[in-house]
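Here is what each chain is made of, one letter per residue.
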Amino acid sequence: MGKKSRSNKLKPAKWSIGDITSNNITSNLSASSFSPPSFAADLPQPAEGWARELRKLEKELQNTRYQDAEIVLSAAKVARIMRQFDVLEKILTKAENKGVVIEDQEMWAQLNDDVAALKRAKTALRSDDMKKVINDVMKGGKSVDFTIFDDSTFVGLNCLQFAALRGDVQVLEQLIKMGAALDIEALPPPSVLATHSGVVLKPKMCTALLLAVNGALTSRNVMSIVAKGGMGGMGGRFGGGDARESYEGCVECAIQLVRLGADTSVTFQFPPGGKNHPIYQSWHMWNIEGKSVRDVATLVGSELFEKTVEEFSTMEHQIEHVNCRCGSRLPWKQCHAGKPTDPYYLNGKVDKKNISKITWRYSPLAPCHCNTSNARLGLAGTKKIHFKCCWDETAHREYYQCDKTSEISVMARTPTNPMQREAMKYMQEMLKGQSEDEISKLMDSMQQMNSDPEFVIKSRCKMVREGGALAMQAIVAGDNPCSKLSSWDPEVYAGVMETMDPVLSFQWNDVHWALPKAELLKRVSEWNEALEQYCDSIGLSGSEREDVTKLHTASPFAPCGNVKCDKVETSVKQYSRCSKCYSVAYCSSACQREAGHIKEWAEPQKNADAAIIVIKLPLRRHQTL
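Owing to the predicted nature of the structure, the values given are computational and were not obtained by experimental measurement.

Caption draft 1: Focus on the overall build of the protein. Helix and strand counts for the protein come out as 23 helices and 11 strands. A total of 625 residues make up the protein; the buried ones form 49% of that total. For the protein, restricting intrachain contacts to residue pairs at least 6 apart in sequence, the fraction spanning at least 24 positions comes to 68%. For the protein, the accessible area works out to roughly 31,700 Å², and carbon and sulfur atoms hold 51% of it.

Right, here's the structure in full:
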């Protein structure tokens, strides 16, 4: 009798990367899935991009009441190029209802077929849960990044990660349109984790791209097992046609995320306590722990995915070809950033892994931040998307989104005032004769001091207290005669600044024409809250407190830029700013002429007077779980 086996248990089959590599299941997706329709090649590229072309045609449709067949067909074609299928369906339906006769019936039929094909695709986009998410984000000011979705595989997925894991590209692109950050981990609060004890936590530091790749690997592996007779030839979601659909959906999501600029250096990492969980058994078999999406691209079974990951790994290619976030699958410069003056990215540094870091423009179809800020302050919201609200303020400011944190920042550009120009000249004189090393050390020292929030706030308060009201008027308000800061108490002003969090502190300026609306409304709220806290801290009450708060309360309403005019706005950003400098606003063109401002900009300024200061202002994004 032979030796007894040490165990009666069946040993699991050993899997390796080689097993997956030898898998003959491949994706059917081709480059045409990410290209404009064939008829787009016959149309000239609009000078200002397809987005503005569609907007122009939509206005012409309204003006002609959908009666002009040529305009109807042109608008329908552009809507299809932009993949704005909801707009396309609206155009098709209205034209049919009004009896518009289209000569090119073949094209008209193709457009109808494209809409029908999209509606036939399996998606959760039209489910009640997803409709609620869309409504909450677009109208209720809820954060799309911190909306948690229940899943039978992983707990703690936000809605973008859920869509990627499920291979639902329609939901994924809709969420990105609404401003979803691509690479955010979005950890759920402990209360969410406590109610899902039977489900394993999602991968550590995971992103939507990593989950899309994980979904593709899982579906591909199961299809291969089923094809070989494993799992009893099971059907269901992971077998037969459903597995193929899930696989192709995950691959499409992964490709589109890379084309949008998602980070391909994110690595597969086990969550706390998840290394031995059955859900993660495949990771052990595939030996992918610690490997990046870029490392495992060959395992996905899609040559198009491999090629996309490789191409979009360089900063140069990203800048030229990364897709606009509106869902068009077109590069920014062909879409919403079509004008030569349209910025759409901020250059970043290259990290140790030689991965370029670029911050992209906030989605043009997301709710505009002036709307979100109004809602937070209890004011009427604009209910407009960003592109139809503040997008064209690029001469002054642009909104950018960090894909890892979801934070929005605004790059504000404002012409320098006389005092700032004098300071620049003084700095230039001071640096004369200095070596490059000495200048570099001085700049590093200044940068280090200015990066310390406590040092900055202490310096500001010292300046205000020692310089008094005149210093506030001269330095904070830039000697603008329309400012009333000279009547404020410097001690109260400094005390309010000290009450605020040093990281978030700022100098309040009542002539805030140049400040973006969203940031202005935040500053008004934060300053007035700090003012109340300051009054509490020094024990002010009664009529004395009323007098202090009345004089030092921040108002979002700006005065007319004409010092001879005493009018003040009655609604936020009511007055129009100068279209040349964006730094001053007037109640009328007559006041602008009287102030002599038009004359100042009559000829292009070619000297230091035209200098621009660029300021990066954080917009602390409201998070609703």
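Picking up where we left off.
Caption draft 2: Broad picture of the packing of helix α20 (residues 517–537) against helix α21 (residues 542–552). As a packed pair, α20 and α21 sit with axes 11 Å apart at the nearest point and diverge in direction by 155°. When the axes of α20 and α21 are compared, the pair comes out roughly antiparallel. As α20 runs across α21, the sense of the crossing is right-handed. Taking contact as the criterion, the partners of Trp527, Leu531, Glu532, Cys535 and Asp536 in α20 are, on α21, Arg545, Val548, Thr549 and His552. In terms of residue class, the contact of α20 with α21 is made up of four nonpolar, two polar and three charged.

Caption draft 3: A look at helix α19 (residues 490–499). Most of α19 sits inside the fold, with seven of its 10 residues counted as buried. The backbone nitrogen of Glu491 lies 2.9 Å from a side-chain oxygen of the residue at the head of α19, namely Asp489.

Caption draft 4: Spatial organisation of the side chain of Ser265. Checked against the element boundaries, Ser265 lands in the loop between α11 (240–260) and α12 (281–286). Here the side chain of Ser265 touches Asp263 through a polar contact of 2.6 Å, side chain to side chain.

Caption draft 5: Layout of empty space enclosed by the protein. Scanning all chains against the criterion turns up four cavities of 30 Å³ or more. The computed volume of the second largest cavity comes to approximately 60 Å³. Lining the second largest cavity are Ser33, Phe34, Ser35, Pro36, Pro37, Arg80, Ile81, Arg83, Ser328, Arg329 and Leu330. Of the residues contributing to the lining of the second largest cavity, the split by class is five nonpolar, three polar and three charged.

Caption draft 6: Representation of the nonpolar core within the structure. Counting residues in each nonpolar core, the largest one holds 108 residues, and the members touching the most others are Leu175, Val213, Leu257 and Phe305. Tallying contributions element by element places α11 first for this core, with 10 residues. Listed in part, the 27 residues of the second largest apolar core include Phe506, Trp508, Leu515 and Leu540.

Caption draft 7: Summary view of the pattern of salt bridges. Inspection of every chain in the model, using the stated rule, returns 17 salt bridges. Here Arg325 ties to Asp403 by a salt bridge, and the two come within 2.7 Å at their closest N and O atoms. Here Arg325, found in the loop between α14 (315–321) and β5 (345–346), pairs with Asp403, found in the loop between β7 (397–401) and β8 (408–415); they are 78 residues apart in sequence, far enough to count as distant. Overlapping salt bridges bring together Arg83, Glu173, Glu252 and Arg329 as one network.

Caption draft 8: Here's a closer look at the packing of aromatic side chains. Counting across every chain of the model gives 15 aromatic pairs. Aromatic side chains Phe270 and Tyr280 sit 5.6 Å apart centroid to centroid with 80° between the ring planes, which places their arrangement in the edge-to-face category. Highlighted residues: Phe270 in the loop between α11 and α12 and Tyr280 in the loop between α11 and α12, separated in sequence by 10 residues. Ring geometry for Trp332 and Trp391: centres 6.3 Å apart, planes at 5°, overall stacked.

Caption draft 9: Fine view of the environment of Thr314. By secondary structure assignment, the location of Thr314 is in the loop between α13 (303–311) and α14. Remark: the alpha-carbon pair of Thr314 and Lys357, spanning 43 residues in sequence, is separated by 9.7 Å.

Caption draft 10: Molecular detail of the side chain of Arg259. Among the structural elements, Arg259 can be located in helix α11. One buried charged side chain, Arg259, makes no salt bridge at all; its nearest oppositely charged neighbour is Glu311, positioned 6.5 Å away. Those residues in contact with Arg259 that lie beyond four places of it in its chain are Phe34, Thr308, Phe312, His321, Val322, Asn323 and Arg329.

Caption draft 11: Just unusual backbone geometry, in detail. At Tyr66, a position not held by glycine, the phi torsion is positive, near 60°. Locating Tyr66 in the fold gives a position in the loop between α2 (50–64) and α3 (69–81). In the Ramachandran plot, Arg329 falls in the positive-phi region, its phi being about 65° despite a non-glycine side chain. The topology assignment puts Arg329 in the loop between α14 and β5. Relative accessible area serves as the criterion here: at 3%, Arg329 is assigned to the buried category.

Caption draft 12: α13, seen in detail. Taken as a whole, α13 has its buried residues at Leu304, Phe305, Thr308 and Val309. Projection of α13 onto a plane perpendicular to its axis shows the buried side chains occupying an angular sector of 130°, all on one side. Relative to its buried face, α13 has exposed residues pointing more than 90 degrees away, namely Glu303, Lys307 and Glu310.

Caption draft 13: Representation of a positive patch on the surface within the structure. Judged by side-chain charge, Lys59, Arg65, Lys90, Lys94, Lys98 and Lys388 come together as a positively charged surface patch. In this fold, Lys90 is placed in helix α4 (residues 85–97).

Caption draft 14: Expanded view of the confidence of the model for the protein. With 77% of its residues at a pLDDT of at least 70, the protein reaches an overall mean of 81. Between residues 232–239, whose pLDDT stays under 50, and residues either more than four places distant or in other chains, the model counts 16 contacts. Of the regions scoring below 50 in pLDDT, residues 350–356 engages in 15 contacts with residues more than four places distant in sequence or in other chains.

Caption draft 15: Local environment of the packing of α3 against helix α5 (residues 105–120). Relative orientation of the contacting elements α3 and α5 amounts to 40°, with a least axis distance of 11 Å. As judged from the angle between their axes, α3 and α5 are oblique. Here α3 and α5 pass one another in a crossing that is left-handed. Residues Val72, Leu73, Ala76, Lys77 and Arg80 of α3 lie in contact with α5, whose contacting residues are Met107, Trp108, Leu111 and Asp114. Taken together, the residues that form the contact of α3 with α5 break down as six nonpolar, no polar and three charged.

Caption draft 16: Spatial organisation of the environment of Gly495. Among the structural elements, Gly495 can be located in helix α19. Assessed through its relative accessible area of 5%, Gly495 is described here as buried. When the C-alpha positions of Gly495 and Cys535 are compared, they lie 9.2 Å apart, and in sequence the two are 40 residues distant. Not counting residues within four places of it along the chain, the set of residues in contact with Gly495 comprises Arg465 and Tyr534.

Conventions we followed
Residues numbered from 1 in each chain as written. Predicted model: local features only at pLDDT ≥ 70, side-chain atom pairs only at ≥ 80, totals over all residues. Heavy atoms only, no water. Helix = DSSP H or I, 4+ residues; strand = E, 2+ residues; numbered from the N terminus. Buried < 20%, exposed > 50% of the residue type's maximum accessible area, 1.4 Å probe, protein only. Contact = heavy atoms within 4.5 Å. Areas by Shrake-Rupley, 256 points an atom, 1.4 Å probe, with all protein chains shown as cover. Axes fitted to C-alpha atoms, helices over the stretch in contact; angles between N-to-C directions. Parallel < 35°, antiparallel > 145°, perpendicular 65-115°, else oblique. Left-handed = near helix turned anticlockwise from the far one by under 90°. Nonpolar A, V, L, I, M, F, W, Y, C, P; charged D, E, K, R; others polar. Polar contact = N/O pair within 3.5 Å; in protein donor to acceptor, adjacent residues only side chain to side chain. 1 Å grid on protein atoms, 1.4 Å probe; cavity = no way out; pocket = protein on both sides within 12 Å on 5 of 7 lines; lining within 4 Å. Points joined across faces, edges and corners; volume = space filled by probe spheres on them. Core = buried A, V, L, I, M, F, W, Y, C linked by side-chain atoms within 4.5 Å. Salt bridge = Lys/Arg side-chain N within 4 Å of Asp/Glu carboxyl O. Phe/Tyr/Trp six-rings, centres within 6.5 Å; stacked < 30°, edge-to-face > 60°. Lys, Arg positive; Asp, Glu negative; His and termini not counted. Arc of directions from axis to C-beta. Patch = residues over 30% accessible without salt bridge, like charges linked within 9 Å, V, L, I, M, F, W, Y side chains within 5 Å. Charge placed at Lys NZ, Arg CZ, Asp CG, Glu CD. pLDDT = per-residue confidence, 0-100.

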